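Geometric and topological summary
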Amino acid sequence: MKENKEWERSDLAIDPDMQIDCDTGQEILCYVETWFDVDRKFGTHTAEDDSTWLNLYARYNPYADTLRMECEISSDTPGENQTFDYEPTSAEAQLVKDLITEKIQEQYNQTPMEFCEDAMGESITMGGQS
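Residues numbered from 1 in each chain as written. Predicted model: local features only at pLDDT ≥ 70, side-chain atom pairs only at ≥ 80, totals over all residues. Heavy atoms only, no water.

1. Overview of the pattern of salt bridges
This is how it is decided: Whenever a carboxyl oxygen of Asp or Glu lies within 4 Å of a side-chain nitrogen of Lys or Arg, that contact is scored as a salt bridge. Helix numbers and strand numbers start at the N terminus; a helix is a DSSP run of H or I with at least 4 residues, a strand a run of E with at least 2. Exposure classes here rest on a 1.4 Å probe applied to the protein chains alone. A residue is buried below 20% of its type maximum, exposed above 50%, and partly exposed in between.
A full pass over the atoms with the stated rule returns seven salt bridges. A salt bridge links Glu6 to Lys2; its shortest N-O distance comes to 3.4 Å. Close ionic contact of Lys103 with Glu106 constitutes a salt bridge, the shortest N to O distance being 3.4 Å. With Lys103 and Glu106 both in helix H2 (residues 90-108) and three residues apart, the pair spans about one turn of that helix. We classify Lys103 as buried; its relative accessible area is 18%.

2. Describing the side chain of Asn61
We count it as follows: Pairs of N or O atoms within 3.5 Å make up the polar contacts considered here, provided that, within protein, one atom can donate a hydrogen while the other can accept it, and that residues adjacent in sequence are counted only when both atoms are side-chain atoms.
Inspection of the secondary structure assignment puts Asn61 in strand E4 (residues 52-61). The exposure class of Asn61 is buried, given its relative accessible area of 12%. A polar atom in the side chain of Asn61 sits 2.8 Å from the backbone nitrogen of Tyr63. A polar atom in the side chain of Asn61 sits 2.9 Å from the backbone nitrogen of Ala64.

3. Remarks on H2
Rules: In this analysis, the expected span of each helix is defined as 1.5 Å times one less than the number of residues it contains.
If you check H2, its first and last C-alpha atoms are 26 Å apart, about what 19 residues at 1.5 Å a residue would give, namely 27 Å. One or two residues past the end of H2 sits Asn109, with phi positive at roughly 55°.

4. So, a negative patch on the surface
Cut-off, in case you're wondering: Patches draw on residues past 30% relative accessible area with no salt bridge. Two like charges within 9 Å are joined, as are two nonpolar side chains (Val, Leu, Ile, Met, Phe, Trp, Tyr) within 5 Å. Only the protein chains shown count as cover for residues, with accessible areas throughout obtained via the Shrake-Rupley method and a probe of 1.4 Å. The charge count includes Lys and Arg as positive and Asp and Glu as negative, but it does not include His or the ends of the chains. Throughout, a charge is located at the NZ atom of Lys, the CZ atom of Arg, the CG atom of Asp or the CD atom of Glu.
On the surface, Glu48, Asp49, Asp50 and Asp76 cluster together into a negatively charged patch. For Asp50, the position within the fold is in the loop between helix H1 (38-42) and E4.

Structure follows, in structure tokens:
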């Protein structure tokens, strides 16, 4: 992480198990692995408690070129989970979009739009609506 707390490529990894938003078919949902000090970045206090951790999720719409990010502070204690949105800087947003695009290319040999179209075609066929 840079001195200004902005992410660098080595700070993040995209989980290959991605989903497509069923409502629009245009949003890629994915888990973002965090390889940086989340407490320093987000002002959280997860390091103080081994039973608490932060999950980071991205919602990328390649059609509108938009990215939304959500953090979830999870805990082993029931009812202790909290969520909040994170507004990435423009450089961070571009980095996350690039990482998602690269992961889709690596895993599926597709562009993000092809990935969405392919997934929606499969869900329509699997649902018997083809």
